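# Close look at the chain arrangement
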Amino acid sequence: MLNRRVQWPGYKPWHKTIAAKNWRKLRGPVTRVKLAEAVAIATQELLKAYRDEPYDSDFGSWNVGPNGIQLDQICLIALHQVSKGSWQPQLCLLGPRR
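What comes next is a walk through the structure. Residue positions are given per chain, counting from 1 as you read along its sequence in written order. Only residues with pLDDT of at least 70 are given local features in this predicted model, and only at 80 or more are side-chain atom pairs given and counted; all residues enter the totals for whole chains, interfaces and linings. Heavy atoms throughout the structure, all of them, feed into the side-chain values; hydrogens and water do not.

### Notes on the overall build of the protein chain
- Secondary structure elements follow DSSP: runs of H or I of four or more residues count as helices, runs of E of two or more count as strands, with numbering from the N terminus. For the protein chain, the count of helices and strands is one helix and six strands.
- Any two residues whose heavy atoms approach within 4.5 Å at even a single point are treated as in contact. Contacts spanning at least 24 positions in sequence make up 49% of the contacts within the protein chain whose residues lie at least 6 apart.
- The Shrake-Rupley method, run with a 1.4 Å probe, gives the accessible areas here. Residue values count only the displayed protein chains as cover. Total accessible area computed for the protein chain in this model is approximately 7,200 Å², and 52% of it derives from carbon and sulfur atoms.

As structure tokens, this is what we get:
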């Protein structure tokens, strides 16, 4: 399992566990492509969870939802292996923040 922990500015911390193995017919480690897809899905779930959450107005430019940052404004730049079984996604916000 891979743990995804996010501390998005202005929101409470968020956590998501992602499967690190492929449990289909041929078992094995997850490829980087599958890991990237899992990061994208987890990021989408993060934005959905934060959409209706109150946020610290000091970080208003980091607000998510219809009037803030949306999934199509976030890009996965890289996946860094920081230790065995631990990967850190590097995300980039596309375009200027308000």
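Picking up where we left off.
### What about the state of the cysteines?
- Disulfides are defined as cysteine sulfur pairs within 2.5 Å. Applying the stated criterion across every chain, the model contains zero disulfides.
- Looking at Cys-75, it has no disulfide partner, and the nearest cysteine sulfur is the one in Cys-92, 6.3 Å off.
- By relative accessible area, Cys-92 is classed as partly exposed at 30%. Think of it in three bands: with a 1.4 Å probe and only protein chains considered, a residue is buried below 20% of the maximum accessible area for its type, exposed above 50%, and partly exposed in between.

### Re the nonpolar core
- Core analysis: the largest hydrophobic core is formed by 11 residues, namely Val-6, Trp-8, Tyr-11, Trp-14, Ala-42, Leu-46, Leu-47, Tyr-50, Val-64, Ile-69 and Ile-74.
- A per-element tally of this core places helix H1 (residues 32–51) first, with four residues.
- Beyond its immediate stretch of four places on either side in the chain, Ile-74 contacts Trp-8, Thr-43, Leu-47, Ile-69, Leu-91, Cys-92 and Leu-93. In plain words, nonpolar cores are sets of buried Ala, Val, Leu, Ile, Met, Phe, Trp, Tyr and Cys residues tied together by side-chain atoms within 4.5 Å.

### Brief notes about the pattern of salt bridges
- Any carboxyl oxygen of Asp or Glu within 4 Å of a side-chain nitrogen of Lys or Arg constitutes a salt bridge here. A full pass over the atoms with the stated rule returns two salt bridges.
- Two residues, Lys-12 and Glu-53, come together in a salt bridge whose shortest N-O distance is 3.8 Å. On the criterion of sequence distance, the pair formed by Lys-12 in the loop between strand S1 (2–6) and strand S2 (14–18) and Glu-53 in the loop between H1 and strand S5 (74–83) is long-range, its members being 41 residues apart.
- We classify Lys-12 as exposed; its relative accessible area is 54%.

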